[in-house]
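# Report on the structure
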Amino acid sequence: MEPTDTSHPDYYHRVVDCQWACPAHTDVPEYIRLIAQGRFTDAYMVNRHSNVFPGILGRVCDRPCEPACRRGRIETKPVAICRLKRVAADHREDVSARLPKIPRLKNGKRIACIGAGCASLTVANDLMPLGYEVTIFEQYGEPGGLMRTNIPSFRLPATVLSEEIAMIVDMGVDLRLNTPVRSMRELLTQGGFDAVFVGSGAPKGKELELPGRQEGAANIHIGIAWLESVAFGHIDRIGRRVLIIGVGNTAMDCCRTSLRLGAESVKVMARKPRGFFKASEWELEDAEEESVAIIVNRSPRAFVIENGRLAGMRFDKMEYELDAQGRISAERVVGEEFLPADDVILAIGQENAFPWIERDLGIRFDKWDVPVIDQGTFKSTHPQVFFGGDAAFGPKNIIWAVEHGHQAAISIHRHCQGESVQDRLPPGMNLQSRKMGMHEWSYANDYTPVERRLMPHVSLKERFKKLNIEVELGFTAEQVEQEVQRCLNCDVQTVFTAKLCIECDACIDICPVDCLTITHNGEEAELRNRLKAPAKNLSQPLYVSAPLPQTARVMVKDEDLCVHCGLCAERCPTAAWDMQKSELHWPHATDDADTLESKQPKIA
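All of the points below concern the structure found in this document.

The rules behind the values
Residues numbered from 1 in each chain as written. Predicted model: local features only at pLDDT ≥ 70, side-chain atom pairs only at ≥ 80, totals over all residues. Heavy atoms only, no water. Helix = DSSP H or I, 4+ residues; strand = E, 2+ residues; numbered from the N terminus. Rg over C-alpha atoms; globule rule 2.2 N^0.38 Å. Areas by Shrake-Rupley, 256 points an atom, 1.4 Å probe, with all protein chains shown as cover. Lys, Arg positive; Asp, Glu negative; His and termini not counted. Charge placed at Lys NZ, Arg CZ, Asp CG, Glu CD. Buried < 20%, exposed > 50% of the residue type's maximum accessible area, 1.4 Å probe, protein only. Pairing = 2+ DSSP bridges. Axes fitted to C-alpha atoms, helices over the stretch in contact; angles between N-to-C directions. Core = buried A, V, L, I, M, F, W, Y, C linked by side-chain atoms within 4.5 Å. Parallel < 35°, antiparallel > 145°, perpendicular 65-115°, else oblique. Left-handed = near helix turned anticlockwise from the far one by under 90°. Contact = heavy atoms within 4.5 Å. Nonpolar A, V, L, I, M, F, W, Y, C, P; charged D, E, K, R; others polar.

### Some remarks on the overall build of the chain
The helix and strand tally for the chain stands at 21 helices and 23 strands. For 604 residues, the compact-globule estimate of 2.2 N^0.38 gives 25 Å, and the chain sits close to it at 27 Å. In terms of overall dimensions, the chain has a C-alpha envelope of 90 × 70 × 45 Å along the principal axes. For the chain, the accessible surface area stands at approximately 26700 Å², while carbon and sulfur atoms represent 49% of it. Charge separation in the chain, taken as the distance between the mean sites of 72 positive and 84 negative side-chain charges, equals 2 Å.

### Observations regarding the pairing of strand β19 (residues 492-496)
Burial analysis of β19 places five of its five residues in the buried class, which makes it a mostly covered element. The side-chain alternation of β19 yields two buried faces, one formed by V492, T494 and F496 and the other by Q493 and V495. Across five bridges, β19 lies against strand β23 (residues 577-585) in antiparallel orientation. Looking across to β23, one finds that T494 is bridged to M579.

### Quick notes on the sheet that holds strand β13 (residues 343-346)
The sheet built from five strands is open, its strands ordered β6-β13-β7-β8-β9 with parallel pairing. Looking at the sheet topology across the chains shown, the edges are occupied by β6 (220-222) and β9 (293-295). Direction aside, neighbouring strands of the sheet carry axes that sit 20° apart on average. The sheet contact formed by strand β7 (residues 241-245) and β13 spans four bridges and is parallel. Looking across to β13, one finds that I244 is bridged to I345.

### Quick notes on the nonpolar core
In this structure, L127, M184, V198 and F387 are the most contacted members of the largest nonpolar core, which totals 70 residues. At nine residues, helix α15 (residues 398-416) tops the list of elements feeding residues into this core. Core analysis: the next-biggest nonpolar cluster, separate from the first, contains 59 residues, L34, C487, C511 and M579 among them.

### Comments concerning the packing of α15 against helix α21 (residues 589-598)
How two helices sit against one another is set out by the angle between their axes and by the gap between those axes. Packing of α15 against α21 brings their axes to within 8 Å, and their N-to-C directions diverge by 30°. Between α15 and α21, the crossing angle belongs to the class labelled roughly parallel. When the axes of α15 and α21 are compared, the crossing they make is right-handed. Contacts between α15 and α21 pair A409, I410, H413 and R414 from the former with A589, D592, A593 and L596 from the latter. Across the contact of α15 with α21, the residue classes break down as five nonpolar, one polar and two charged.

Read these as layout, nothing more, since geometry by itself doesn't imply function.
Next up, the structure:
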């Protein structure tokens, strides 16, 4: 195998999986270490740099980082990365003095953002410090977009949402509430804006056109519209028996909200087996804890109407055959079932909706009426118009929308400065030794065998008394002490210098997980079988050193097994092994602005 370059960002990608799994590339190990030191405010600011909304995402993020957490390779549960964001937010001090400084002298460029959701707010957060004037148009009376209208207050308190949005709006953003944009042409021709960012989300819930749909319309609701009505107080009750069609995260919010509005029996109807559910596992667990029944293999067939009113639904009972990869290879109907219902909520997906964008402006749409967007720059086919969040590529989640906002802000800045939006800064990486003394490291390198800490919840008896009682209580500063120690400090990685190695085998003898082997090089498949502990995870590349000076053998390390304890570096008599912190720098608009400014001719 070819030797591995440990100074290359690709190697960092292989080691610090949690950071690269997050679309916004949050510096997870760094803010966890700060929390371990009780430096909650510092941890909050490190987290805010990339994800912008630590208090919000610490409650409702879809957690793409946690399945990638390497703790999950040692035991069942990863580090509670998401909930540690909340810890930093809940226990921080006032950060107003540490937020980006906004220049009094503006740069003369005006930006319009459509929709006051997470993507638009991120664009404003990144452009305001550069002197832009940012105007956000919001159709409702409060900002937040789907974060406010579709995430129930028992999961995301309005106070937390409003506080983190205010950090951005108070930078001087011109927030225009109750101001829907009805014409893109008018905005482009009469608004005086240099660029327009569309962050209007995917506000249209999908329909289910079945027999009885129109006759039972009064008691058949579109999930996201129903949640919106609940959020703004237009709906405060629901029938005794409720069926939820669909099994995504919106469906989980609908079923749990129904219980809080008086429903006694709530059933979630899933067309396929549990392995095909779109809802996050923890969302399913929370719903089932509240006695929501999740019924699988039921395909909706018809709404049943009796005496002019919805009486329930008929379903086909389904059976499926799966292939070796777990995919459905065949399906068949094996029966029929009627389930009574007073109300049905449809949560089967969301779609983009742009009736206010005229189709002759140069903004191209595909055959599904979705805008054609460059996935790297978020630029549309109109030079002034950019998209992000759900409005760009359909429903995902908040952390994706945040990263879209970061990248769109870079493009908007380059566009307004007359630069190519394609010419962007690459990610960079620094390596710095963590050695302090002969056997001291500037990070906690002890392996902690404790299991993941459970999140404390409000009791079932108490949580249904009011709609806005937050179910998850969060960790106290004391409770979090053990959880932060579960982090393996993946960014403090082993760096090996082959020319210093004397092949004494000290590192191999002391390695607690047998992840090191000195052997002759060879083809990857054959080499894997010669390791001290055979490397079975083929998705994790091996580290292979340059030839060693004594025997021309190579040092091979299996990153899948390494727990970053640093014992190899402590034992090594020649400092061939070192523990070095990899600091990834993922560019934002301010970095791009600094680079462009450095290229300007200097006046003596």
